[in-house]
Amino acid sequence: MTEKNRPVVVRFAPSPTGYLHIGGARTAIFNWLYAKKHQGKFILRIEDTDAERSTEDSIQGILDVLEWLGLTWDEGPNFQSENIQTHLDAAETLIRSGHAYKCFCTKETIDAKREKARKAKQTYAYDRTCRTLTPEQVKEKEDQGQAFAVRLKVPDGEGAIRFEDAVYGSIEKKYADLDDFIIVRSNGKPLYILSNAVDDIHDQVTHIIRGQDGLANTPKQILLYQALGVPLPVFAHMSLTLDPQKTKISKRRHGEMVAVHFYREKGFLPWAFVNFLVLLGWATPDSQEIFSKKELVQAFDLGGISRANSVFNINQSDPRFFTDPKALNINSHYIRTLPVEALAGPVRAELEKTGLWSPSYDADKKEWFLSAIDLIRERFHVITDFSTLGRPWFSEDYSMDETALEKNLRAYPDMKTLLPELAHKLDSLDLYTEKTVEPILREMLKSSGLKPGVLINAMRTALTGQSKGPDFMATLIILGKDRVVRRLEAAPE
Ligand code: GLU
């Protein structure tokens, strides 16, 4: 039974055993979008029952990155480890209702049976020895202090578990292919498969949107739902994200290059990164690529999730980003087109981080700051470009590109005198505007016989250390008279 009319509740349930990678972030995004679209609740649950592998650092890292991406949750973080009693209570309920039973088989017995099956080239399945123990036998073993695990009774017979996955369609698992699986270990600890399902039941999760790797657990979890007599949620399993070699991306294989925080540090804008991630394995019928938050919430639909695995093009030959060119394209799109005021905050944070921030950019030079961002952003891909390529705009301490120097300045020895001459003329201007600067440049071109491109390249190199940059006249105006004069006078040789 699937109850369709409950208010939507979804959850993101990371295991805190490392940083959040792009596959995890994608799962979080899909859940968050689904909740937003249906005015539902988005729960963050930290699945920290594996005490050995879960760390505080990982929890903090996951929370930070989710916040950075703007994926705010409505409830949580809930910690699975705090709900162990609820998981055990559910197991107890199942025993009492006859859906589960205590299994006293020791590890040695099971191992021996497994070994025997192996030798006989048969697949091992638990032989259900303890399923038929009488209450008296159970009591006797308990009184003797024998440890027991708890196993779920898989229904007998020819039947099967059938469900409709919102992405993969009809799925069937025959009862005969399932073992009476353990839900509580003989050391008294619930198994993950139980904890995960009981938490979802407890939180009244209506839609379980998770990675395809969760599909293996689903039939067993459906048995748990049925045994506990609660309505089934909708399951939506998302296809995997692969690397260009078509292997599943993983922390182990790809290290930092698949960590979300890596992209935060590289200067990606959070929404641009969400926009990129959502396109890994999801699309609208018209393959729209750029979405505002509102548009994406409106457009998002589980039906748009593809069954085919998506590829994250880790680009090892790009030492700056290592990343999918599409991620960069989407990010630069946002850098170029966002209202400049919306970029001011991230640029400020970047300049603060790199020691290039001046409080005047938030006071008397505020307008200048916005105009500078607006001018230079046109060629930028990431926020860190503002402190690297953009450095000459915010500091006197910037580097000179050797190739540009060679090609644009040293190749023209006359520049040694022409640029200071130009500096002098510009310095004598009372009013320094495009209108007053332009005639001086024209005059210089005429008297020197230089081609405009040659003079522009020489000046640009002298002014910024680079051979490329934004609109030249705007560069002169925004850099301002003082800087232009000083830098032309001191043009390197
Ligand atoms: N804790 C699991 C993971 O990180 C999530 C499983 C689920 O969403 O049901 O893979």
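Residues numbered from 1 in each chain as written. Predicted model: local features only at pLDDT ≥ 70, side-chain atom pairs only at ≥ 80, totals over all residues. Heavy atoms only, no water.

Caption draft 1: Seen up close, the packing of aromatic side chains. Following the criterion strictly, the structure yields 21 aromatic pairs and no others. Relative to Phe-235, the ring of Phe-163 has its centre 5.8 Å away and its plane inclined at 65 degrees; by these criteria the two rings are edge-to-face. You can see Phe-163 sitting in strand 6 (residues 160-165) and its partner Phe-235 sitting in strand 10 (residues 234-238), a full 72 residues away along the chain. Taking the relative accessible area as the measure of exposure, Phe-163 reaches 8% and is therefore buried. With relative accessibility at 2%, the residue Phe-235 sits in the buried group. Here the aromatic rings of Trp-282 and Phe-291 are separated by 5.7 Å at their centres, their planes lie at 55 degrees, and the arrangement is tilted. Classification of Trp-282 as buried rests on a relative accessible area of 3%. Each member of the aromatic cluster is reached from another via a ring pair, and the members are Phe-262, Tyr-263, Phe-268, Phe-273, Phe-276 and Phe-312. The ring of Tyr-126 carries Arg-151 above its face, with NZ or CZ at 3.5 Å from the centroid. (Phe/Tyr/Trp six-rings, centres within 6.5 Å; stacked < 30°, edge-to-face > 60°. Helix = DSSP H or I, 4+ residues; strand = E, 2+ residues; numbered from the N terminus. Buried < 20%, exposed > 50% of the residue type's maximum accessible area, 1.4 Å probe, protein only. Lys NZ or Arg CZ within 6 Å of the ring centre and 35° of its normal.)

Caption draft 2: Expanded view of the side chain of Glu-47. By the element assignment, Glu-47 lies in the loop between strand 2 (41-46) and helix 2 (56-69). Residue class for Glu-47 comes out buried when judged on its relative accessible area of 3%. At 2.7 Å, the side chain of Glu-47 and the side chain of Arg-45 are in polar contact. Contacts of Glu-47, omitting those with residues within four sequence positions, involve Ala-13, Pro-14, Ser-15, Pro-16, Ser-54, Gln-80, Tyr-192 and Asn-196. (Polar contact = N/O pair within 3.5 Å; in protein donor to acceptor, adjacent residues only side chain to side chain. Contact = heavy atoms within 4.5 Å.)

Caption draft 3: Quick peek at the pattern of salt bridges. Enumeration according to the criterion identifies 37 salt bridges in this entry. Measuring nitrogen to oxygen at the nearest pair gives 3.9 Å for the salt bridge that ties Arg-45 to Asp-203. You can see Arg-45 sitting in strand 2 and its partner Asp-203 sitting in the loop between helix 6 (192-202) and strand 9 (207-211), a full 158 residues away along the chain. Across the pair, exposure class does not vary: Arg-45 and Asp-203 are buried alike. Here Arg-377 and Asp-374 are joined by a salt bridge, their closest N and O atoms 2.9 Å apart. The class of Arg-377 is buried, set by a relative accessible area of 7%. Salt bridges sharing common partners tie together Arg-11, Arg-45, Glu-47, Asp-199, Asp-200 and Asp-203. (Salt bridge = Lys/Arg side-chain N within 4 Å of Asp/Glu carboxyl O.)

Caption draft 4: Structural context of the site of the ligand. Close to the ligand lie Arg-11, Ala-13, Pro-14, Ser-15, Glu-47, Tyr-192, Asn-196 and Arg-210. Within the side chain of Ser-15, an N or O atom sits 2.8 Å from a nitrogen atom of the ligand. Notes on the ligand: free accessible area 300 Å², of which the protein chains cover 71%. Most atoms of the ligand, that is more than half of them, are within 2 Å of grid points of the largest pocket. Counted by class, the shell around the ligand contains 3 nonpolar, 2 polar and 3 charged residues. (Near = heavy atom within 4 Å. Areas by Shrake-Rupley, 256 points an atom, 1.4 Å probe, with all protein chains shown as cover. 1 Å grid on protein atoms, 1.4 Å probe; cavity = no way out; pocket = protein on both sides within 12 Å on 5 of 7 lines; lining within 4 Å. Sits in = over half its atoms within 2 Å of the grid points. Nonpolar A, V, L, I, M, F, W, Y, C, P; charged D, E, K, R; others polar.)

Caption draft 5: Representation of the layout of surface pockets within the structure. Taken as a whole, the largest pocket encloses approximately 1,400 Å³ of empty space. The wall of the largest pocket is formed by 47 residues, among which Ala-13, Pro-14, Ser-15, Glu-47 and Tyr-192 lie closest to the centre. Sorting the residues of the lining of the largest pocket by element identifies strand 1 (9-12), helix 1 (22-37), helix 6 and strand 9 as the ones contributing at least two each. The element contributing the most residues to the lining of the largest pocket is helix 1, with 4 residues. Of the residues in the lining of the largest pocket, the class split is 14 nonpolar, 20 polar and 13 charged. Computed from the structure, the second largest pocket encloses a volume of approximately 480 Å³. Mapped by element, the contributors of at least two residues to the lining of the second largest pocket are helix 4 (107-119) and strand 5 (149-152). Element by element, the count of residues in the lining of the second largest pocket is highest for helix 4, at 4 residues. Grouping the amino acids of the lining of the second largest pocket by side-chain chemistry returns 13 nonpolar, 4 polar and 9 charged. (Points joined across faces, edges and corners; volume = space filled by probe spheres on them.)

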